[in-house]
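In case you want the letters, here they are:
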Amino acid sequence: MQGPDVLGAVLLLGVQLRALWPVAAVEVHTSREVDAVNGTNLRLKCTFSSSSPISQHLSVTWNFQPEDLSSHEPVFYYLKEPYKLSAGRFKERVTWDGNIERNDVSIVIWNLQPTDNGTFTCQVKNPPDVDGTIGEVRLRVVQKVHFSEIHFLAVAIGSACVLMIIVVTVVIICRHHRKKVQAKRIEVADAELREKENLKIREEKEASSLEN
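Residues numbered from 1 in each chain as written. Predicted model: local features only at pLDDT ≥ 70, side-chain atom pairs only at ≥ 80, totals over all residues. Heavy atoms only, no water.

Caption draft 1: Here's a closer look at the pairing of strand E6 (residues 73-79). Pairing of strand E5 (residues 59-66) with E6, which is carried by 6 bridges, proceeds in the antiparallel orientation. Bridge assignment links tryptophan 62 to a residue of E6, and that residue is phenylalanine 76. What sits between the antiparallel neighbours E5 and E6 is a turn of 6 residues, in which leucine 69 has the positive phi angle 60 degrees. (Pairing = 2+ DSSP bridges. Helix = DSSP H or I, 4+ residues; strand = E, 2+ residues; numbered from the N terminus.)

Caption draft 2: Structural view of the state of the cysteines. Taken as a whole and judged by the stated rule, the model has 1 disulfide. Residue pairing for cysteine 46: its cysteine sulfur links by disulfide to cysteine 122, the two sulfurs lying 2.2 Å apart. Disulfide cysteine 46 to cysteine 122: torsion about the S-S bond roughly -85 degrees, handedness left-handed. Note that cysteine 46 is positioned in strand E4 (residues 46-50) and cysteine 122 in strand E10 (residues 118-125), a separation of 76 residues in sequence. Looking at cysteine 46, the relative accessible area reads 0%, which means it is buried. (Disulfide = S-S within 2.5 Å. Buried < 20%, exposed > 50% of the residue type's maximum accessible area, 1.4 Å probe, protein only.)

Caption draft 3: View of the pairing of strand E2 (residues 33-37). Only one face of E2 is covered, namely the face carrying Val34 and Ala36; the face carrying Glu33, Asp35 and Val37 is uncovered. For E2 and strand E11 (residues 135-142), the ladder comprises 5 bridges, and the chain directions are parallel. Note on E11: the bridge partner recorded for glutamate 33 is arginine 138.

Caption draft 4: Expanded view of the environment of valine 26. Structurally, the position occupied by valine 26 is in strand E1 (residues 26-30). By relative accessible area, valine 26 is classed as buried at 1%. Setting aside residues no more than four positions away along its own chain, valine 26 makes contact with Phe48, Ser49, Ser50, Val124, Asn126, Asp129, Asp131, Gly132 and Thr133. (Contact = heavy atoms within 4.5 Å.)

Caption draft 5: Focus on the nonpolar core. Leu44, Trp62, Val75, Val105, Phe120, Val124 and Leu139 are the most contacted members of the largest nonpolar core, which totals 28 residues. Apart from residues no more than four positions distant in its own chain, valine 75 is found in contact with Trp62, Asn63, Phe64, Leu85, Phe90, Val94, Ile107 and Phe120. (Core = buried A, V, L, I, M, F, W, Y, C linked by side-chain atoms within 4.5 Å.)

Caption draft 6: Main features of the sheet that holds E2. Ordered in space as E2-E11-E10-E5-E6-E7, the 6 strands form an open sheet in which the pairing is mixed. Edge positions in the sheet fall to E2 and strand E7 (82-83), since each of these pairs with one other strand and no more.

Caption draft 7: Inspection of the pattern of salt bridges at higher detail. With the rule as written, the count across this model stands at 6 salt bridges. In this structure, the salt-bridge partner of arginine 140 is aspartate 35, at a minimum N-O distance of 2.9 Å. A residue pair is termed long-range when its members are at least 10 positions apart, and arginine 140 in strand E11 and aspartate 35 in strand E2 qualify at 105 residues. A salt bridge links aspartate 104 to arginine 43; the shortest N-O distance between them is 2.9 Å. Of this pair, aspartate 104 sits in the loop between strand E8 (94-96) and strand E9 (107-109) while arginine 43 sits in strand E3 (residues 42-44); the two residues are 61 residues apart in sequence, bridging distant segments of the chain. When its relative accessible area of 36% is taken as the criterion, arginine 43 is described as partly exposed. Several salt bridges share partner residues, and in doing so they unite Arg43, Asp97 and Asp104 into one network. (Salt bridge = Lys/Arg side-chain N within 4 Å of Asp/Glu carboxyl O.)

Printed below as a string of structure tokens:
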């Protein structure tokens with residue numbers, strides 16, 4: 001067998017073995033989209049699964065890409081222990097909230113700002129599993145509801161409830177008054193009828209006495 005044929009056979013064998021042997025990779029799982037209120041804190045959940053046991057050299061890298069699709073910015077890094085950022089928009093605003101033994105590499109971002117709108121990426125490497133998916137979380141920070149708006153909403157709901165109570169009370173009073181008036185009319189009619197009957201009886205008695 002000539003040299004090129006041997007090389008071709010080796011490459012073909014390598015491809016076949018690669019197809020039979022599973023590729024070591026890390027799968028990362030995150031929420032696709034998250035909404036949060038401006039000024040609050042948010043836990044960005046990220047979990048992973050690996051075909052290899054958890055290594056002492058496992059590393060976690062969180063990055064951020066703003067909505068304007070500018071360059072990625074570092075958010076958080078973990079290698080045996082959490083490392084805090086020394087600069088950047090997320091300095092002193094990110095804390096570790098994961099548990100490696102439970103395959104949890106989540107973080108917490110404090111005091112969210114509108115400038116935090118964008119995509120966060122979570123990458124886990126667990127040697128020899130160094131390839132795999134990168135988790136993405138698209139964050140949308142919404143503005144707080146102002147107190148005046150809450151107050152207006154509360155007043156509107158309260159006014160509607162009070163108005164409903166007043167209407168129900170008026171309806172009940174009107175029905176009660178109507179029933180009372182009807183009862184009075186019936187009572188007067190009965191009294192008039194009894195008076196007419198008594199008068200008729202007296203007239204009959206008087207007529208009978210005159211005949212005698």
